Amino acid sequence: MHYDCVIVGGGIVGASMAIMLGQMHYRVLLLEKQSVLAQPEPMDARTIALSYASFCIYSALGLWQPVADKAVPIEQVWVSMQGQYGGSHLDCQQEGLPALGFVVGAQHLEEVLYGALASLETVTVLRPATLLSQQGYPDNWHLLVQAQDATQAVTCRLLVAADGVQSILRESQGIPWVKKDYGHYAIMTNVRWHAATKGVAIERFLPQGAIALLPWQNDWATCIWTLAQVQAKTLSALPADEFLAACQRALGGRMGQLLQVGKRHCFPLQMQFATTQITSRFMLAGNAAHSLHPIAAQGLNLSLRDIWQLRGQLLKARATPCDIGSPVFLAEYYARRKADQTRMIFATDWIARFMASGTLPGALRAMGMTLFDSFTPCKRLFTQAGMGML
């Protein structure tokens, strides 16, 4: 069987790319090694912060309407420093927009994406499936795929690795990557919040680390707390009431009382990016290409803008048949995406190293936030960058 593109990795990025290509009538094979996941309880649901640009992308692809019913808008962001005066406030009204972004359930978004994939005649989804082998040639790839205890030979013009941070395909291509370990861990969980302010996200920098709350449904919020490794593991293992008390102390009492906590996940904070994202008829996508510190919630949003660039190139080439795996096509994609990727990698790294690590004194960090909040042109530029609108 021959395809224009085979995408290995059926997470949100891989599925979104497959939909974009399928809507443009390219023949796509999407391979995902995991079977469909069960629906988690609301208190344990994994959530994602989508930027305003990502909302625009999904709207243009006709995917936002089924997502919207369960999406929670982020209308304001309050940024502060524990134990210090001053801070910053971002507001969608200042941008003349209905929201700065939206919080959506990862499982719900995946269900919407796979529902859309099922309606596309030129897209084939194999799940669970494994890529057993791959051999590249100047004009195509020869692949051997296993699905449901059967193997099949496949050829394609473009092979896409969307198989995550520990990408096996990236390794097979010998693509080097840069890795930075921040020496911190993150605790991620959902908390129920008494008198939670609707549509408001909170980011609070601590003497060491930071804590953030993203608004979620029914007075629940997603909490991301970054700390030193030993502290994170200790806090993550505490009984629920003790964890909530520690979390409350970190947040303060201005925004309401924490009442309940869901399942906690603890993981190391790292940033990594590939030194190149393309080789012969091959490209990296999603976390296989760039995995960012979660402090600014920009990882998925950056990947969706990568997909949008591909779509723009394909639309421009619509008058003539387009070989999406050609060196010229891939080189143009990488050249056009480099500036946005570099800017976002630098920004999240800077925030993680200087604002959330304690490298700068707390008073200096608080003063910087206050000055930033009062300088409208800089603040607007930062807000637009965070929304993915630059």
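This is a predicted model, so every value here is computed, not measured.

As a further point, take the overall build of the protein. Tallying secondary structure elements over the protein gives 11 helices and 20 strands in all. Split into buried and exposed, the 390 residues of the protein put 53% on the buried side. Nonlocal contacts in the protein, meaning residues at least 24 apart in sequence, comprise 72% of its contacts between residues at least 6 apart. Roughly 17600 Å² of accessible area belongs to the protein as shown, and the carbon and sulfur atoms make up 57% of that amount.

Residue position: Tyr 3 is located in strand β1 (residues 2–8). Owing to a relative accessible area of 4%, Tyr 3 belongs among the buried residues under this scheme. Once the C-alpha coordinates of Tyr 3 and Leu 159 are considered, the two residues, 156 residues apart in sequence, prove to be 9.8 Å apart. Filtering out sequence-adjacent residues up to four positions away, Tyr 3 remains in contact with Arg 27, Val 28, Leu 29, Thr 124, Val 154, Thr 155, Cys 156 and Arg 157.

Right, let's get into the sheet that holds strand β4 (residues 72–74). Spatial strand order, β3-β7-β4: three strands in an open sheet with antiparallel pairing. Edge strands, defined here as strands with exactly one partner in the open sheet, are β3 (47–51) and β4. Neighbour-to-neighbour, the strand axes of the sheet open up by a mean angle of 30 degrees, direction not taken into account. Here β3 pairs with strand β7 (residues 101–105) via five bridges, running antiparallel. Within β7, the residue paired with Ala 49 across the bridge is Val 103.

It is worth spelling out the packing of helix α2 (residues 52–60) against helix α8 (residues 299–316) at this point. The N-to-C vectors of α2 and α8 enclose an angle of 45 degrees; their axes lie 9 Å apart at closest approach. Taken together, the axes of α2 and α8 lie oblique to each other. Two packed elements cross with a definite hand, and for α2 against α8 that hand is left-handed. Between α2 and α8, the residues in contact are Ser 54, Ile 57, Tyr 58 and Ala 60 and Asn 301, Leu 304, Arg 305, Trp 308 and Arg 311, respectively. Partitioning the contact of α2 with α8 into residue classes produces five nonpolar, two polar and two charged.

The next subject is the packing of helix α1 (residues 12–23) against helix α4 (residues 106–118). Relative to each other, α1 and α4 sit at 30 degrees, their axes nearing to 10 Å. On the basis of the axis angle, α1 is roughly parallel to α4. α1 and α4 meet at a crossing whose hand is left-handed. Contacts from Ile 12, Ala 15, Ser 16, Ala 18 and Ile 19 of α1 reach α4 at Ala 106, Leu 109, Glu 110, Leu 113, Tyr 114, Ala 116 and Leu 117. Here the residues of the contact of α1 with α4 sort into 10 nonpolar, one polar and one charged.

The final tally for this structure, using the stated rule, is six aromatic pairs. Ring plane angle 50 degrees and centroid distance 5.1 Å describe the contact between Tyr 52 and Phe 55, whose orientation is recorded as tilted. Here Tyr 52 pairs with Phe 55, and both are found in helix α2, just three residues apart, close to one helical turn. Between the aromatic rings of Trp 141 and Phe 282, the centroid separation amounts to 6.3 Å while the plane-to-plane angle is 50 degrees, which identifies the pairing as tilted. You can see Trp 141 sitting in strand β10 (residues 141–147) and its partner Phe 282 sitting in strand β19 (residues 282–284), a full 141 residues away along the chain. Of the residues examined, Phe 282 reaches a relative accessible area of 0% and is grouped as buried.

On to the confidence of the model for the protein, then. The predicted model of the protein averages 85 in pLDDT, with 84% of residues at 70 or higher. Predicted confidence for residues 369–377 stays below pLDDT 50, and this span has 19 contacts to residues more than four positions away or in other chains.

A separate point is unusual backbone geometry. Looking along the chain, the bond that leaves Arg 127 and enters Pro 128 is cis, with omega of 0 degrees. Following the sequence through the fold, Pro 128 ends up in the loop between β8 (123–126) and β9 (129–136). Despite not being glycine, His 25 shows a phi value in the positive range, around 70 degrees. Summarising the element assignment, His 25 is placed in the loop between α1 and β2 (28–31). His 25 gets classed as exposed once you look at its relative accessible area, which sits at 61%.

Grouped together as the largest cluster of nonpolar side chains are 54 residues, with contacts concentrated most on Ile 7 and Leu 21. The element that contributes the greatest number of residues to this core is α1, accounting for eight residues. Setting aside anything within four residues of it in sequence, one finds Ile 7 in contact with Gly 14, Met 17, Ala 18, Leu 21, Val 28, Leu 29, Leu 30, Leu 31, Val 160 and Ala 162.

Thresholds, definitions, all that
- Residues numbered from 1 in each chain as written.
- Predicted model: local features only at pLDDT ≥ 70, side-chain atom pairs only at ≥ 80, totals over all residues.
- Heavy atoms only, no water.
- Helix = DSSP H or I, 4+ residues; strand = E, 2+ residues; numbered from the N terminus.
- Buried < 20%, exposed > 50% of the residue type's maximum accessible area, 1.4 Å probe, protein only.
- Contact = heavy atoms within 4.5 Å.
- Areas by Shrake-Rupley, 256 points an atom, 1.4 Å probe, with all protein chains shown as cover.
- Pairing = 2+ DSSP bridges.
- Axes fitted to C-alpha atoms, helices over the stretch in contact; angles between N-to-C directions.
- Parallel < 35°, antiparallel > 145°, perpendicular 65-115°, else oblique.
- Left-handed = near helix turned anticlockwise from the far one by under 90°.
- Nonpolar A, V, L, I, M, F, W, Y, C, P; charged D, E, K, R; others polar.
- Phe/Tyr/Trp six-rings, centres within 6.5 Å; stacked < 30°, edge-to-face > 60°.
- pLDDT = per-residue confidence, 0-100.
- Core = buried A, V, L, I, M, F, W, Y, C linked by side-chain atoms within 4.5 Å.

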